[in-house]
Amino acid sequence: MLLLILASLFFLGLHFGVAATPLRDRLIERFGPVPYRIGFAALALLGLVFLVYAWRQAPFINLWGSPAIFRYLAVALMPLAFFCIVAGLTTPNPARLGQENALTEDFRPTGILRITRNPVLWGIALWALLHLLANGDVSSVIFFGTFLALAVGGSFDIDRKRLRRFGERWRRYMEQTSNLPLQAVLQGRQKLVWKEIGGWRIALALVLYFGFLHGHARLFGVSPLGL
């Protein structure tokens with residue numbers, strides 16, 4: 001269990017202690033953007049492998065078990081997580097790595113960005129929360145809790161990084177959108193336009209969802225329905 005805790009701290013520390021702080025800017029100034037990204041990506045991949053390995057080696061210590069209600073909740077809501085990730089990855093978004101320059105003066109949020117400017121991170125957060133609840137043991141709480149903390153915290157860190165870089169331009173974009181899903185819509189700053197999302201994104205998300213649902217036991221050794 002200690003190994004899993006260390007892996008979690010390393011993974012979170014790498015993102016919150018480096019990528020989300022001014023240290024990132026100093027490293028880029030010293031080594032250049034490309035070497036920094038290569039080095040960070042290598043360390044992040046190493047940290048992910050370390051985290052998965054430590055989780056698989058950790059002893060099972062039960063907390064609340066795997067109640068049917070949480071398993072069925074995961075089955076019911078995971079399509080939403082897939083939708084957020086698919087729509088987020090297929091929509092131009094200045095909050096995503098490598099697409100920062102998409103924030104031109106005439107850029108307007110469309111589709112999923114009207115719901116949240118960080119759809120991929122909120123999709124990951126929902127995935128992590130549902131799996132944390134459905135497993136209910138100490139190692140799963142640490143493992144999935146790591147991704148939950150990274151996704152939620154990362155969504156706020158993106159705003160801080162973009163504000164440092166773009167200043168007033170990013171502030172205006174924040175006024176048009178919201179980090180928290182549906183907040184801008186509920187506040188009247190945005191409106192849902194489903195035709196901008198496109199039925200193909202919903203269809204693709206459902207295909208991926210049912211594919212993972214069907215192959216979950218074979219891929220991960222556990223049936224989502226407990227069968």
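Cut-off values and rules
Residues numbered from 1 in each chain as written. Predicted model: local features only at pLDDT ≥ 70, side-chain atom pairs only at ≥ 80, totals over all residues. Heavy atoms only, no water. UniProt positions renumbered as here; feature names shortened; annotations may be inferred. Helix = DSSP H or I, 4+ residues; strand = E, 2+ residues; numbered from the N terminus. Polar contact = N/O pair within 3.5 Å; in protein donor to acceptor, adjacent residues only side chain to side chain. Contact = heavy atoms within 4.5 Å. Salt bridge = Lys/Arg side-chain N within 4 Å of Asp/Glu carboxyl O. Buried < 20%, exposed > 50% of the residue type's maximum accessible area, 1.4 Å probe, protein only.

Per an unreviewed UniProt entry, the protein chain carries the name NnrU domain-containing protein and comes from Methylomarinovum tepidoasis. The record in UniProt for the protein chain states the following under Subcellular location (unreviewed entry): "Membrane".

> What is the right way to read the side chain of Ser140 from this model?
Note on placement: Ser140 falls in helix H6 (residues 138–166). Separated by 2.7 Å, the side chains of Ser140 and Asp137 make a polar contact. Setting aside anything within four residues of it in sequence, one finds Ser140 in contact with Trp55, Asn135 and Gly145.

> I would appreciate a short explanation of the pattern of salt bridges in the present structure.
A pair can form between side chains of opposite charge whenever their charged atoms are brought close. Taken as a whole and judged by the stated rule, the model has 6 salt bridges. With its nearest N and O atoms 2.7 Å apart, the salt bridge here joins Glu196 to Arg114. Placement of the pair is Glu196 in helix H9 (residues 194–197) and Arg114 in the loop between helix H4 (68–89) and helix H5 (119–135), with a sequence separation of 82 residues. Assessed through its relative accessible area of 28%, Glu196 is described here as partly exposed. By relative accessible area, which is 13% here, Arg114 ends up buried. A salt bridge links Asp159 to Arg117, with the shortest nitrogen-to-oxygen separation between them at 2.8 Å. One end of the pair, Asp159, is in helix H6; the other, Arg117, is in the loop between H4 and H5, and 42 residues separate them in sequence. Overall, the relative accessible area of 7% leaves Asp159 in the buried class.

> It is not clear to me how the side chain of Ser8 should be interpreted in this structure. Could you clarify?
Turning to its location among the elements, Ser8 is positioned in helix H1 (residues 2–19). Taking the relative accessible area as the measure of exposure, Ser8 reaches 8% and is therefore buried. If sequence neighbours within four positions are ignored, Ser8 has contacts with Leu51, Ile142 and Thr146.

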